[in-house]
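So you can see what is in the structure, the chains are spelled out below.
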Amino acid sequence: MPTIFEQIVDGEIPARIVHETDTTLAFLDANPLARGHTLVIPKEPYEQLDDLPAEIASDVFSVVHELTPVVEEAVDADATTIGINNGEAAGQEIPHAHVHIIPRFEGDGGGP
Ligand code: 5GP
């Protein structure tokens, strides 16, 4: 059974896509912790960070690096929290590796 994220990659479920490369996809989180909360995923369905080949991990983090200031500027954030829930016990709900880019605002009361 493909995960929700695979279905988004395959265009079977709609998502607000903000960036795409040959190997990665970035889209808005459906239940955002803050305005502009963005997820960056590898297109291939690797379950956890350590399953990613180094080249794909590099592609994903290169996109995180590129998008973080764009997301901050888009929602006029003061900062960002970059996070990975790596494994079920860490709170990973979707078993398809992903990086959260969460805009933060002065006085917003703490991170995830
Ligand atoms: P996790 O807890 O696995 O690190 O985060 C999964 C994230 O995926 C959550 O922040 C959740 O809101 C988001 N999410 C779950 N289902 C969907 C969906 O169908 N579309 C989008 N865009 N995000 C989703």
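Residues numbered from 1 in each chain as written. Predicted model: local features only at pLDDT ≥ 70, side-chain atom pairs only at ≥ 80, totals over all residues.

In the annotation of an unreviewed UniProt entry, the chain is listed under the name HIT family protein and assigned to Halonotius aquaticus.

Undergrad: Where do I start with the sheet that holds strand S2 (residues 24-28) in this structure?
TA: Backbone-to-backbone hydrogen bonds pair the strands of a sheet. The strands run either parallel or antiparallel. Taken together, the five strands give an open sheet; going across it, the order is S1-S2-S3-S5-S4, and neighbouring strands pair in antiparallel fashion. For this open sheet the edge positions go to strand S1 (17-20) and strand S4 (79-83), each flanked by a neighbour on one side alone. When strand polarity is set aside, the average angle formed by the axes of neighbouring strands in this sheet is 20°. Pairing geometry for S2 and strand S3 (residues 38-42), over five bridges, is antiparallel. (Pairing = 2+ DSSP bridges. Helix = DSSP H or I, 4+ residues; strand = E, 2+ residues; numbered from the N terminus. Axes fitted to C-alpha atoms, helices over the stretch in contact; angles between N-to-C directions.)

Undergrad: Help me understand the site of the ligand in this model?
TA: In the region of the ligand, 13 residues are neighbours, and Ala30, Asn31, Asn85, Glu93 and Ile94 sit closest. Looking at side-chain class alone, the shell around the ligand contains seven nonpolar, four polar and two charged residues. (Near = placed C-beta within 6 Å. Nonpolar A, V, L, I, M, F, W, Y, C, P; charged D, E, K, R; others polar.)

Undergrad: I tried to follow the nonpolar core on my own but got confused; where do I start?
TA: As a rule of thumb, nonpolar side chains are buried together in soluble globular proteins. Core analysis: the largest hydrophobic core is formed by 18 residues, its most contacted members being Ala26, Val40, Ile41, Val63, Val64, Leu67 and Ile101. Listed by contribution, the elements that provide at least two residues to this core are helix H1 (4-9), S2, S3, helix H2 (54-75) and strand S5 (99-104). When residues of this core are assigned to their parent elements, the largest contribution, five residues, is made by H2. (Core = buried A, V, L, I, M, F, W, Y, C linked by C-beta atoms within 7 Å. Buried ≥ 20, exposed ≤ 12 C-beta atoms within 10 Å, placed from the backbone.)

Undergrad: It is not clear to me how the confidence of the model for the chain should be interpreted in this structure. Could you clarify?
TA: Low pLDDT marks stretches whose predicted atomic positions should not be read closely. Residues with a pLDDT of 70 or more make up 97% of the chain, whose mean pLDDT is 96. Note on the complex model: pTM 0.97, ipTM 0.99. (pLDDT = per-residue confidence, 0-100.)

Undergrad: Help me out: how do you make sense of the environment of Glu106 in this one?
TA: If you trace the backbone, Glu106 turns up in the segment after S5. C-alpha of Glu106 to C-alpha of Asn86: the two residues are 20 residues apart in sequence and 27 Å apart in space.

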